[in-house]
Amino acid sequence: MEKRNSRSLDPLYKTIALTPSSFISKPTANRKLLVLDLNGTLVFRPKKYVKTSFAHDGASSARVRVVHPRTYMTPFREYLFHPQTKKWLDTMVWSSAQPHSVNDMIQHSFCDHQGELKAVWARDTLDLDPVAYNKKSATIKDLTKLWKAFPSHSAKSTLLVDDSTQKARLQPWNHIFVKEYGQAERRSDLDYLRKQNVSQESPGDKGNDHHDLDVSDLLGNMTLTPSVAKTSLASQFSSTGFDSILLAVIGILDVLKHQDNVSGWLRSGGIVLCGAEGVMGGVGGGIIGDRWFDTVHIVEWWANRGRAALAELNIEVVAGALTNR
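The name given to the protein in an unreviewed UniProt entry is Mitochondrial import inner membrane translocase subunit TIM50, with the source organism recorded as Lentinula boryana. Under the UniProt heading Subunit (unreviewed entry), the note attached to the protein is "Component of the TIM23 complex." Quoted verbatim from the Function (unreviewed entry) field of the UniProt record, the comment on the protein reads "Essential component of the TIM23 complex, a complex that mediates the translocation of transit peptide-containing proteins across the mitochondrial inner membrane."

Attention now moves to the environment of Trp 147. With respect to the helices, strands and loops of the structure, Trp 147 is situated in helix H6 (residues 143-149). Its relative accessible area of 15% is what places Trp 147 among the buried residues. Considered as a pair, Trp 147 and Thr 158 are 11 residues apart in the sequence and their alpha carbons are 9.0 Å apart. Discounting chain neighbours no more than four positions away, the residues touching Trp 147 are Tyr 13, His 153, Ser 154, Ala 155, Thr 158, Gln 171 and Asn 174.

Glancing now at the side chain of Asp 163. Among the secondary structure elements, Asp 163 is positioned in the loop between strand S8 (158-162) and strand S9 (175-177). Buried charge without a salt bridge: Asp 163, with Lys 167 as the nearest opposite-charge side chain at an N-O distance of 6.1 Å. If we skip the residues at most four places from it in the chain, Asp 163 touches Asp 37, Asn 39, Gly 40, Thr 41, Phe 177, Val 178 and Glu 180.

Spatially, S7-S6-S1-S8-S9 is the arrangement adopted by the five strands of the open sheet, whose pairing is parallel. Each edge of the open sheet carries a strand with a single partner, namely strand S7 (120-121) and S9. Relative to S7, strand S6 (residues 89-94) runs parallel, the two sharing two bridges. If you follow Val 93 over to S7, its bridge partner there is Val 120. Sitting on the sheet, helix H4 (residues 99-110) is in contact with strand S1 (32-36), S6 and S7, with an inclination near 140° to S6.

Rules and cut-offs
Residues numbered from 1 in each chain as written. Predicted model: local features only at pLDDT ≥ 70, side-chain atom pairs only at ≥ 80, totals over all residues. Heavy atoms only, no water. UniProt positions renumbered as here; feature names shortened; annotations may be inferred. Helix = DSSP H or I, 4+ residues; strand = E, 2+ residues; numbered from the N terminus. Buried < 20%, exposed > 50% of the residue type's maximum accessible area, 1.4 Å probe, protein only. Contact = heavy atoms within 4.5 Å. Lys, Arg positive; Asp, Glu negative; His and termini not counted. Salt bridge = Lys/Arg side-chain N within 4 Å of Asp/Glu carboxyl O. Pairing = 2+ DSSP bridges. Axes fitted to C-alpha atoms, helices over the stretch in contact; angles between N-to-C directions.

So this is what it looks like as structure tokens:
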């Protein structure tokens, strides 16, 4: 069984994806391009609006939704733009949101690093007619458009991280399908943090009510020491803890930097097969793009791989997100 329906895929693309990936010892010899979605992937935007200035002179403004960065966005950002990572990785954003919303989400996600993005593409790059552009409609991110703009990259070097399989249907084997970060996931993070807070309270603090505290205000100081990242990749971190998808993506990237064919590695089941190694005794036949993130052991294997990668770069594993408005 192959991931989704491959009969309508471009024959050349299928040929590349059918080519097995090989290990490369020097990641700089085969640079990768990471294409990141925003809403639902890196951030959660509830239906709560505020006004923001978006013109250079500050004279123009638009209504944008409040932005809550995903848990572990801070170390994820630091990993992507670490000097050692930038030697082998180009990072860009491609979102189906309108430009002013994209700019706002980028400011909350990448902060001082936003100028280091290779490119920022928004809804105006999706070739939509005016009617579709101004209403919620299905969109597709055709990676061939990227490869024309950046000819040094191809299906062998490109990785799209997105919470939608629809957007990646033309190049499914270059896609890491991630669990959407929405209201339920954010609430779960906040509930877990409150439990951690209660367990750390002194007896005199038991009467304090944390119900109204924002998760981003509380998570900022929650860190894991580098020694945690050295834990066995197969160790069991709590399945009821913080959302760890971004740590898992770091782990996947740290493996893919040594592969010469991203599409070949993903098509062969790399995420599932590596993530199951030593944990579940192997789960042959895993199809990448399926809901790998629903298997706790696989997510945590990759998250621990991400923790180890962060430790190597001396990046703190900070659960906290950025401070919101």
